[in-house]
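# Remarks on the overall topology
If you want the building blocks of each chain, they are given just below.
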Amino acid sequence: MPNRLDRREFLRRTTAAGVLSALPAVWPGGAAAKPSRSPNEKLNIAKIACGGMGAEDLNQISSESIVALCDVDETIMDKAAQQWPKARKYVDFRRMLDREEKNIDAVVVSTPDHTHAVASLHALRMDKHLYCQKPLARTVREVRAMTLAARRHGVTTQMGTQAHYSPGHQRLAELIQSGAIGPVREVHVWSDRPAGWWPQGVEPPTESQPVPPNLHWDLWLGPAKSRPYNPAYMPFVWRGWWDFGTGALGDMGCHLMDPAYNSLKLRYPTSVEAEGAPRVKHSPPLWAVIRYEFPRRGDMPELSLTWYDGGRRPHRDLFPKGQNTKAGNGSLYIGDKGKLLIEEEEGNLVTFGQFEGPDPVRHRPPGHWKQWIESSKTGAPTGSNFDYAGPLAESVLLGNVALRTGRKLEWDGADMRATNCPEAEEFLEPHYRKGWSL
């Protein structure tokens with residue numbers, strides 16, 4: 001049976017903190033990190049999950065020394081080992097981290113969402129620098145525990161929002177923060193997921209199939225409750241199951257909402273309301289529209305941010321007359337003096353209205369992964385450090401809580417609690433199988 005912990009007991013165990021923390025803002029630099037090596041030395045990195053996005057992560061950190069590889073699919077791991085023949089191989093990341101503790105400086109986690117927190121917190125407690133794919137974890141409270149642990153252990157962190165420092169995203173921040181389009185009161189964000197990517201709004205399979213000989217199925221399940229193997233759960237399609245993934249919002253929300261968080265200084269919403277259809281117990285809906293309300297931030301006004309997926313889009317009247325976009329993923333920023341559009345497929349920044357922006361002033365680092373590598377060696381800040389990325393990921397995942405409860409949530413971000421909806425508790429905290437607790 002899954003183990004459940006209340007909010008305070010969960011954070012006490014996972015962060016060694018006796019009280020909750022509202023995470024005082026230290027973004028954009030993040031909390032100070034402990035440097036590991038001189039800039040000219042290579043990091044010793046342990047890589048958890050080597051297929052899919054894990055293969056891309058491995059390629060992007062290939063300038064360093066990969067000393068350990070872990071994957072529950074031995075075929076995938078053996079393929080990665082061809083590039084890194086000296087790396088020690090493991091199928092269980094718990095054993096790898098325990099055995100390699102003295103040999104590694106940093107860990108990269110690219111597993112499905114449901115094992116992010118278990119692997120990441122294990123590494124953070126060992127004082128290892130951490131790169132973790134979005135949306136950091138499967139539940140809101142796991143994300144908070146990771147954020148607190150990263151700060152407490154003083155390590156360099158980065159969430160996998162690869163476009164955070166892209167030219168379009170940085171120019172957007174410059175324009176908005178210069179006042180070029182006036183105060184921004186509405187943001188609309190949309191994604192083409194899940195249609196054509198993975199099934200959603202479906203019931204779990206009732207039949208079992210033989211486990212492939214190369215796959216360690218029980219280790220893939222990790223903290224999730226046990227069930228027979230079926231290819232309906234993996235690979236990649238795990239995103240469409242609540243026990244393993246976080247749906248279209250979890251896949252793309254951290255990417256597409258990142259520019260809003262970066263440019264508009266967002267943290268926790270005050271309320272979240274969602275609609276989606278059909279609703280089934282085990283799988284996210286086929287489409288969703290989720291509305292977040294954010295409070296004033298200094299001289300920035302209250303903000304409404306609306307998320308759309310599964311074919312839903314902002315109403316055409318929100319775009320200037322005669323103008324729209326065919327981009328499957330994008331965002332529209334509505335200010336008092338103009339509008340800005342990011343078309344994510346092309347990386348385009350489109351302006352609606354006549355206004356002038358400042359000359360480019362924001363720092364453009366050499367690259368997302370390279371920044372994490374360099375910062376792990378020197379202690380310099382990263383753009384998607386957990387002090388910044390944690391509140392973003394929490395907000396993204398909170399949209400799924402609103403979907404699952406079917407209620408508008410009045411949200412206390414500091415205490416991670418829906419003040420009007422006690423049934424939200426079931427979806428805010430993690431459930432773990434015996435042997436996988438934090």
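Here the structure is a predicted model, which means the values were calculated and not measured.

Conventions used here
- Residues numbered from 1 in each chain as written.
- Predicted model: local features only at pLDDT ≥ 70, side-chain atom pairs only at ≥ 80, totals over all residues.
- Heavy atoms only, no water.
- Helix = DSSP H or I, 4+ residues; strand = E, 2+ residues; numbered from the N terminus.
- Buried < 20%, exposed > 50% of the residue type's maximum accessible area, 1.4 Å probe, protein only.
- 1 Å grid on protein atoms, 1.4 Å probe; cavity = no way out; pocket = protein on both sides within 12 Å on 5 of 7 lines; lining within 4 Å.
- Points joined across faces, edges and corners; volume = space filled by probe spheres on them.
- Expected span 1.5 Å × (residues − 1).
- Contact = heavy atoms within 4.5 Å.
- Salt bridge = Lys/Arg side-chain N within 4 Å of Asp/Glu carboxyl O.
- Pairing = 2+ DSSP bridges.
- Axes fitted to C-alpha atoms, helices over the stretch in contact; angles between N-to-C directions.
- Parallel < 35°, antiparallel > 145°, perpendicular 65-115°, else oblique.
- Left-handed = near helix turned anticlockwise from the far one by under 90°.
- Nonpolar A, V, L, I, M, F, W, Y, C, P; charged D, E, K, R; others polar.
- Bend = angle between axes of the 7 residues up to and from the residue.
- Phe/Tyr/Trp six-rings, centres within 6.5 Å; stacked < 30°, edge-to-face > 60°.
- Lys NZ or Arg CZ within 6 Å of the ring centre and 35° of its normal.

## Description of the environment of Lys-370
Within the fold, Lys-370 resides in helix 10 (residues 368–378). Residue class for Lys-370 comes out partly exposed when judged on its relative accessible area of 46%. Sequence spacing of Lys-370 and Pro-360 is 10 residues, and the spatial spacing of their C-alpha atoms is 22 Å.

## Details of empty space enclosed by the protein
Empty space among the atoms becomes apparent when a probe as large as a water molecule is rolled across them. Throughout the structure, instances matching the rule amount to two cavities of 30 Å³ or more. Each pocket or cavity is described by its volume, and for the second largest cavity that value is around 50 Å³. Lining the second largest cavity are Gln-200, Thr-246, Gly-247, Ala-248, Leu-249, Pro-284, Pro-285, Ala-288, Asp-309, Asn-400 and Leu-403. Those elements that provide at least two residues to the lining of the second largest cavity are helix 9 (247–264) and helix 11 (386–405). It is helix 9 that provides the largest number of residues to the lining of the second largest cavity, a total of three residues.

## Section: helix 6 (residues 140–153)
Between its first and last C-alpha, helix 6 extends 20 Å over 14 residues, near the 20 Å set by a 1.5 Å rise per residue. Of all the 14 residues making up helix 6, 12 are buried; the element is thus mostly covered by neighbouring parts of the structure. Along helix 6, the positions that sit buried rather than exposed are Val-140, Arg-141, Glu-142, Val-143, Arg-144, Ala-145, Met-146, Thr-147, Leu-148, Ala-149, Ala-150 and His-153. Backbone geometry just downstream of helix 6 places Gly-154 in the positive-phi region, at approximately 65 degrees.

## A word on the environment of His-255
Considering the arrangement of structural elements, one finds His-255 in helix 9. Taking relative accessible area as the criterion, His-255 reaches 18% and is therefore assigned buried. Not counting chain neighbours up to four residues away, the residues in contact with His-255 comprise Lys-134, Gly-160, Thr-161, Gln-162 and His-169.

## Quick notes on the pattern of salt bridges
Going through the model one piece at a time under the given rule, you end up with 19 salt bridges. Between Glu-64 and Lys-377 there is a salt bridge, with the nearest N and O atoms lying 3.1 Å from each other. A residue pair is termed long-range when its members are at least 10 positions apart, and Glu-64 in the loop between helix 2 (53–60) and strand 3 (65–70) and Lys-377 in helix 10 qualify at 313 residues. Each member of the pair, Glu-64 together with Lys-377, is buried. Between Arg-433 and Asp-218 there is a salt bridge, with the nearest N and O atoms lying 2.9 Å from each other. Remark: Asp-218 occurs in helix 8 (residues 217–221) and Arg-433 occurs in the segment after strand 17 (431–432); sequence separation between them is 215 residues.

## Observations regarding the sheet that holds strand 15 (residues 409–412)
Read across the sheet, nine strands follow the order 14-13-12-8-11-10-9-15-16 without closing on themselves; strand pairing throughout is mixed. A single partner strand is all that each edge strand has here, and the edge strands are strand 14 (348–352) and strand 16 (417–418). Bridge analysis of strand 9 (residues 271–277) against strand 15 gives two bridges, and the strand direction is antiparallel. Following the sheet pairing, Val-272 is matched in strand 15 by Leu-409. Of the strands in this sheet, strand 8 (184–190), strand 12 (330–335), strand 13 (339–343) and strand 14 are in contact with helix 7 (residues 167–177), which crosses strand 13 at around 170 degrees. Helix 11 contacts strand 9, strand 10 (287–294) and strand 15 of the sheet and is inclined by roughly 55 degrees relative to strand 9.

## Brief notes about the sheet that holds strand 2 (residues 44–48)
Strands belonging to one sheet form pairs held by backbone hydrogen bonds; the direction of such a pair is parallel or antiparallel. Across the sheet, six strands lie side by side as 4-3-2-5-6-7; this open sheet has parallel pairing. Of all strands in the sheet, those bounded by a partner on one side alone are strand 4 (88–90) and strand 7 (157–159). Recorded for the sheet is a direction-independent mean angle of 15 degrees between the axes of neighbouring strands.

## Let's talk about the packing of helix 5 (residues 116–125) against helix 6
Interhelical geometry of helix 5 versus helix 6 gives an angle of 15 degrees and a closest axis separation of 9 Å. With respect to helix 6, the element helix 5 is oriented roughly parallel. Between helix 5 and helix 6 lies a crossing whose hand is left-handed. Contact with helix 5, carried on its side by Ala-117, Ser-120, Leu-121, Leu-124 and Arg-125, involves Glu-142, Ala-145, Met-146, Ala-149, Ala-150 and His-153 of helix 6 and no other residues of that element. Class assignment of the residues belonging to the contact of helix 5 with helix 6 gives a composition of seven nonpolar, two polar and two charged.

## Some details on the side chain of His-368
Relative to the assigned elements, His-368 resides in helix 10. A relative accessible area of 9% means that His-368 is categorised as buried. Those residues in contact with His-368 that sit more than four places away from it in its chain are Tyr-131, Gln-158, Met-159, Gly-160, Thr-161 and Gln-162.

## Thoughts on helix 9
Here helix 9 contains 18 residues, and its C-alpha end-to-end distance of 25 Å stays within 8% of the 26 Å for a straight helix at 1.5 Å per residue. Along its length, helix 9 reaches its greatest deviation from straightness, about 55 degrees, at Gly-253. With 18 of 18 residues buried, helix 9 is to be regarded as a mostly interior element. Directly beyond the C-terminal end of helix 9, a positive phi value near 55 degrees is found at Lys-265.

## A word on the packing of aromatic side chains
Centre-to-centre distance and the angle between the planes together describe a pair of aromatic rings. Under the defined criterion, the tally for this structure stands at 13 aromatic pairs. Between Phe-93 and Trp-436 the ring centres are 5.9 Å apart and the planes differ by 65 degrees, which places this aromatic pair in the edge-to-face class. With Phe-93 in helix 4 (residues 93–100) and Trp-436 in the segment after strand 17, this residue pair connects regions lying 343 residues apart in the sequence. Accessibility assignment for this pair places Phe-93 and Trp-436 in one class, buried. Where Tyr-292 meets Phe-294, the ring centres are 6.2 Å apart and the plane angle is 20 degrees; that geometry is what we call stacked. Assigned by exposure class, Tyr-292 and Phe-294 land together as buried. Positioned over the ring face of Trp-436 is Arg-94, at 3.6 Å from the centre of the ring. Looking at Arg-227, its charged tip hangs above the ring of Tyr-233, at a distance of 5.6 Å from the centre.

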